[in-house]
Amino acid sequence: MKLFYSPDYVASGVSFETLQKPAWIAESLSRSPIDGVAIEEPESLSIGTVEETHDPIYVSAIEAGEPGCLAESQGFRWDASLLAAVLASNGGVVAAAKQALQTGRNAGCLSSGLHHARREKGCGFCTFNGLVIAAREALHAGAERVLILDFDAHCGGGTASLIKGDPRLVQRDVSVDRFDHYAPQANAHLQVVTQAADWLPAICRQLDESGDFDLCLYNAGVDPFEDDEGGGLRGITREHLIKREALVFDWARSRTLPVAFVMAGGYLSKKNDRAQLVALHRITVRVAAVTSQASHT
Ligand SMILES: [Zn+2]
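All values derive from a computational prediction rather than experimental measurement.

Caption draft 1: Layout of the nonpolar core. By size, the foremost hydrophobic cluster in this structure holds 91 residues, and its most contacted members are A97, L215 and L217. In terms of residue count, the dominant contributor to this core is helix α5 (residues 82–103) (13 residues). Here L217 is in contact with A97, L131, A134, A135, V146, I148 and A260, once residues within four sequence places are set aside.

Caption draft 2: Main features of helix α8 (residues 196–209). The terminal C-alpha atoms of α8 lie 21 Å apart, and with 14 residues this matches the ideal 20 Å at 1.5 Å per residue to within 8%. Among all positions in α8, only W199, I203 and L207 are buried. Looking straight down α8, one finds that the buried residues subtend no more than 60 degrees of arc, so they occupy a single side. Every exposed residue of α8 that faces more than 90 degrees away from the buried side is listed here: A197, P201, D208 and E209. As for α8, its buried residues are in contact with β5 (169–175) and α9 (238–254).

Caption draft 3: Layout of the pairing of strand β7 (residues 215–219). With 5 of its 5 residues buried, β7 lies for the most part within the structure. A two-sided burial pattern is seen for β7, the buried positions comprising L215, L217 and N219 on one face and C216 and Y218 on the other. Across 5 bridges, the pairing between strand β4 (residues 146–150) and β7 is parallel. Residue pairing for β7: L149 is matched across the bridge by Y218. Alignment of β7 against strand β8 (residues 259–262), held across 4 bridges, turns out to be parallel. Across the sheet, the residue bridging to Y218 is F261, located in β8. A crossover connection joins β7 to the parallel β8 through α9; in handedness this β-α-β unit is right-handed.

Caption draft 4: Structural detail: unusual backbone geometry. Between E66 and P67 the backbone carries a cis peptide bond, its omega angle lying at 0 degrees. By secondary structure assignment, the location of P67 is in the loop between α3 (56–64) and α4 (68–71). Despite not being glycine, F125 has its phi angle at roughly 70 degrees, a positive value. On the secondary structure map, F125 appears in the loop between β3 (107–109) and α6 (130–140). Within the chain, T256 stands out as a residue other than glycine whose phi angle is a positive 45 degrees. Its place among the elements puts T256 in the loop between α9 and β8. Residue classification places T256 among the exposed residues on the basis of 9 C-beta atoms within 10 Å.

Cut-offs used in this document
Residues numbered from 1 in each chain as written. Predicted model: local features only at pLDDT ≥ 70, side-chain atom pairs only at ≥ 80, totals over all residues. Core = buried A, V, L, I, M, F, W, Y, C linked by C-beta atoms within 7 Å. Buried ≥ 20, exposed ≤ 12 C-beta atoms within 10 Å, placed from the backbone. Helix = DSSP H or I, 4+ residues; strand = E, 2+ residues; numbered from the N terminus. Contact = placed C-beta atoms within 7 Å. Expected span 1.5 Å × (residues − 1). Arc of directions from axis to C-beta. Pairing = 2+ DSSP bridges. Right-handed = clockwise from strand over helix to strand, strands pointing away.

Here you go:
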């Protein structure tokens, strides 16, 4: 299974963990590899590809650093290295999507910070919406319908706003925190869960109710974890996250639906240190790799 990562993902001047975390996971995988996982460097996106989804005025602000209200609209301090980092990491999402579509196998990208970004600005630590960019690139590459699963702690309101009116792209979203919630729309289904016991059943229901697709993009945040201060819900444990990944990837395998996943949310706190955070993200990589091999060989 290909897992796309490049040191270019990491913006040198931005200490915020969303932009540092890919390197921590990559280091862990080089120290302690997961069977069947091959890390590959993707091509960075062109500005033109980003501008099919984002307003050129906003893209220019990320390039130049001004106006500051746009350049820092995602919520962290702008740095001259930011544009190259987000072009690289969003390029990895596109590469994973194309890889999965073309081979029928799962693929992944060690990127975070995608689903809150809007057409004209960033939001919630998300600069460009690589999920929507990758979904559109998959349509260009021959997919007819693309499913976006968003099981991050927070709602994917940026994605919902960007795909509105395009029936070829459908979002299924189960969240445990109302940040970036949105009104239901024909192609974006949101359920906000407030009790841990309801979380996996809600995910099962969203999977059961989805139709036929050529590709699944999976925003696999681990911030629903109870010790995550960014969005955790009491009672959601490491075992719940293992079960979630088994549900998602077994469901996809049963439909021969290739999945391209990204890391998404997962934040440090006193109770959730770097080693634990990396270990939670490794669950997604491991389950994706196992099911990718089992489903298509
Ligand atoms: Zn989140």
